[in-house]
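# Close look at the chain arrangement
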Amino acid sequence: MTVERSDIEAAIFEVVEELLESIDAEFEDDVTSDVMLIADAGFSSIDFVQMTVMIEESLNRKIGFQDMLMKDGQYVDDLSVGQVVDFTVDRLNSPAAAGNGAAEPTAAAPTAMAAGGRTVTAQDVEQFVKLIKPRKIASAGGHALKNRRAVFILSPPRSGSTLLRVMVAGNPALFAPPELHLLSYATMDERRADLSSDHSEQLLDGTVRALMQTRDWTGDQARQFIAECEANGMGTREFFGILQENLGDRLLVDKTPTYAFSLDILRQAEEYFEDPLYIHLTRHPCGMIRSYEESNLTRMMPLMMKNADFSMAAVAEMIWLVSNRNILEFSQSVPSERWFPVSYENIVNDPESNMRRLCEFLGVPYAEDMINPYSDRKARMTDGVDNASKMSGDLKFHLHSQIDPAAATRWRQFCSEDMLGQETLELVSTLDAGAASIRV
Ligand code: A3P
């Protein structure tokens, strides 16, 4: 069915006007096709993403705007409103040009998730696990020194981990910087070598941001220091120790979702730290899958996916399954008093009582600021290194302005559990029967 250009144009103009109002822009002219979104309307990259989400909601269609925002691996410099309209018209009226999954009705009946129109099987999972890069982490050995206690938030990506991190960062007894990506490597130079690609370079920023905060340094000073650590072949345990040095009594909290890709990485936490504490953050797989598709995370792992014939939804489901399985298997070796399961669904529906329970587990007093995650961006390290408003993994966090319980059930408009493979469904039941319910 052809969608009229005039209808699309009207919907997009309305979205842009609404956004201009909400961001209090200085631009006061009428919205026309010629208006440039950055140069004229003053949009930031976050406003761009907000616009695409709002257009999809307004048209009740998944458009797949990433191809409009990115050209040759780079974000575009600017776009006119007319270009957004053209792109949308094109996508809606020529689904073939839209590529994988684009321009489908958002409220479509559930579809099968894996390649070939079927649900994910045990064989798919087996094949997928082989694509995950094996980790060789030098053992610290039983007699080596251990750092003092730290806390790890363990979850697959897209599980609300940024929100939880920022809530935790609101407690003065805790220090929770953006993703550190340390535990996955033995040394700092190995980490640099692995993360130095266009796709993953921003993952190096968490340690920079953490040093800026603990030492009151500029981004350049922090980068320079890290470069020296890399050049000296410093181990990641020692670097963790440097971060902990300046914290006083505060506990370091590291949320890095990729740790859960490998049991070896998770085990490294016990090697590095004295009685570390673990928060297992769960989310319903359909919510995680939908979120993953919207953020198009597979572009972050192009090599891993090069030879695989899985849909993006299947990849997301298998990441959910493998990560949670690894976390649960790892939990078997950790005493229960050091383990705290909590679900994203429970956090957004009842933030206060869940943060109180969490503080009790961590042995720190509850702080009211934990449930106001949008206050004090600097202290919570949500402002980014160098203040650049870069498209980052935390983007969706910035699209909200408060803890939003509706975000936990939004997936129901697009997906259903029928789309999930048998193994995933079994794990959903296991998790749901535990302390943290994920079915809302
Ligand atoms: P959706 O994409 O389903 O909206 P992570 O930080 O682990 O990648 O998780 C991202 C998910 O957390 C996104 O889910 C995002 O919207 C959700 N999230 C971030 N901030 C939130 C908030 N203030 N309230 C509710 N959900 C939030």
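What counts and what doesn't
- Residues numbered from 1 in each chain as written.
- Predicted model: local features only at pLDDT ≥ 70, side-chain atom pairs only at ≥ 80, totals over all residues.
- Heavy atoms only, no water.
- Helix = DSSP H or I, 4+ residues; strand = E, 2+ residues; numbered from the N terminus.
- Buried < 20%, exposed > 50% of the residue type's maximum accessible area, 1.4 Å probe, protein only.
- Contact = heavy atoms within 4.5 Å.
- Phe/Tyr/Trp six-rings, centres within 6.5 Å; stacked < 30°, edge-to-face > 60°.
- Lys NZ or Arg CZ within 6 Å of the ring centre and 35° of its normal.
- Salt bridge = Lys/Arg side-chain N within 4 Å of Asp/Glu carboxyl O.
- Pairing = 2+ DSSP bridges.
- Axes fitted to C-alpha atoms, helices over the stretch in contact; angles between N-to-C directions.
- Parallel < 35°, antiparallel > 145°, perpendicular 65-115°, else oblique.
- Left-handed = near helix turned anticlockwise from the far one by under 90°.
- Nonpolar A, V, L, I, M, F, W, Y, C, P; charged D, E, K, R; others polar.
- Core = buried A, V, L, I, M, F, W, Y, C linked by side-chain atoms within 4.5 Å.
- pLDDT = per-residue confidence, 0-100.
- Polar contact = N/O pair within 3.5 Å; in protein donor to acceptor, adjacent residues only side chain to side chain.
- Near = heavy atom within 4 Å.
- Areas by Shrake-Rupley, 256 points an atom, 1.4 Å probe, with all protein chains shown as cover.

Turning to the overall build of the protein chain, a few remarks are in order. Secondary structure summary: the protein chain contains 20 helices and nine strands in total. By residue count, 53% of the 440 residues in the protein chain fall in the buried class. In the protein chain, of all internal contacts separated by at least 6 residues, the share reaching a separation of at least 24 is 77%.

Judged by how many residues are buried, helix α13 (residues 285-295) sits mostly within the fold: eight of 11 residues are covered. Residues of α13 that are buried include every one of P285, C286, G287, M288, I289, R290, S291 and Y292, and no others.

Where two aromatic rings form a pair, the distance of their centres and the angle of their planes describe that pair. Using the criterion set out here, one finds 14 aromatic pairs in the structure. An angle of 10 degrees between the planes, with centres 4.4 Å apart, marks the rings of Y374 and F397 as stacked. Taken together, the residues Y374 in the loop between α17 (351-362) and α18 (377-380) and F397 in helix α19 (residues 395-399) connect sequence positions 23 residues apart. Owing to a relative accessible area of 27%, Y374 belongs among the partly exposed residues under this scheme. The class of F397 is buried, set by a relative accessible area of 7%. Members of the aromatic cluster, connected to one another through ring pairs, are F152, F240, Y259, Y272, F273, Y278, F330 and W339. When the ring centre of F225 is taken as reference, the NZ or CZ atom of R215 above it lies at 5.2 Å. Stacked on the ring of F414, the Lys or Arg R290 has its end atom at 3.6 Å from the ring centre.

Under the counting rule described, the total for this entry stands at 12 salt bridges. Among the salt bridges present, the one from R5 reaches D86, with a minimum N-O distance of 2.9 Å. With R5 in helix α1 (residues 5-22) and D86 in helix α4 (residues 81-93), this pair connects stretches of sequence that are 81 residues apart. With relative accessibility at 36%, the residue R5 sits in the partly exposed group. Residue D432 pairs with R439 through a salt bridge whose shortest N-O separation is 3.7 Å. Since its relative accessible area comes to 21%, D432 is described here as partly exposed. Accessibility expressed as a relative area gives 33% for R439, which makes it partly exposed. In the salt-bridge network here, residues are joined through shared partners; they are E270, D275 and R338.

Two faces belong to every sheet, and in a regular strand the side chains alternate between them. Counted residue by residue, strand β9 (residues 339-343) has four buried out of five residues, so it is predominantly covered. In terms of strand pairing, strand β8 (residues 277-282) meets β9 through five bridges, oriented parallel. Residue pairing in the sheet places H280 in a bridge with P341 of β9.

All right, on to the packing of helix α7 (residues 161-169) against α17 then. In contact at an axis separation of 12 Å, α7 and α17 are set at 65 degrees when each is read in the N-to-C sense. With respect to their mutual orientation, α7 and α17 come out roughly perpendicular. For the element pair α7 and α17, the recorded crossing hand is right-handed. Within the contact between the two elements, α7 uses L164, M167 and V168 and α17 uses P351, M355 and L358. By residue class, the composition of the contact of α7 with α17 is six nonpolar, no polar and no charged.

Formed by 38 residues in total, the largest nonpolar core has its most connected members in F152, F239, F240 and Y259. Those elements that place two or more of their residues in this core are β5 (150-154), α9 (205-215), α10 (219-231), α11 (236-245), α12 (263-272) and α15 (312-331). No other element matches α12, which puts five residues into this core. When sequence neighbours within four positions are dropped, the list of residues in contact with F240 reads N147, F152, L180, L182, L183, L252, D254, Y259, Y272 and F273. If you look at the next biggest cluster of nonpolar residues, it comprises 34 residues, including V151, V166, A367 and F397.

Taken over all residues, the pLDDT of the protein chain has a mean of 85, while the share at 70 or more is 84%. Under a pLDDT of 50 for its full length, residues 96-112 has, in the predicted model, 34 contacts with residues more than four places off or in other chains. Throughout residues 387-393 the model reports pLDDT below 50, and contacts reaching past four residues in sequence, or to other chains, amount to 10 contacts.

Even without a glycine there, the phi angle at D376 is positive, about 50 degrees. With respect to the helices and strands, D376 occurs in the loop between α17 and α18. Unlike most non-glycine residues, M381 shows phi in positive territory, near 60 degrees. By secondary structure assignment, the location of M381 is in the loop between α18 and α19.

Residue placement: M355 occurs in helix α17. Using a relative accessible area of 1% as the deciding quantity, one classes M355 as buried. Sequence-wise, M355 and I371 are 16 residues apart; in three dimensions their C-alpha atoms are separated by 7.7 Å. Those residues in contact with M355 that sit more than four places away from it in its chain are L164, M167, I347, Y366, M370 and I371.

Right, let's get into α11. Turning to α11, its buried residues number three or more, namely T236, F239, F240, I242, L243 and Q244. The inward-facing, buried residues of α11 contact β5, α8 (188-195), α9, α10, β7 (251-255) and α12.

Inspection of the secondary structure puts H284 in the loop between β8 and α13. Among the polar contacts listed, one links the side chain of H284 to the backbone nitrogen of C286, at a separation of 3.0 Å.

Before going further, it helps to spend a moment on the site of the ligand. With respect to spatial proximity, 19 residues lie near the ligand, and among them S161, T162, S291, Y344 and K396 are the closest. Interatomic distance of 2.9 Å between a side-chain N/O atom of Y374 and a nitrogen atom of the ligand. In this structure, a nitrogen atom belonging to the ligand sits 2.9 Å away from a main-chain N or O atom of Q402. Burial of the ligand by the surrounding chains reaches 96%, relative to a free accessible area of 570 Å². Counting residues per element, the ones that place at least two in the shell around the ligand are α7, α16 (344-349) and α19. Ranked by residue count, the leading element in the shell around the ligand is α7, at three residues. Tallied by class, the residues present in the shell around the ligand amount to seven nonpolar, seven polar and five charged.

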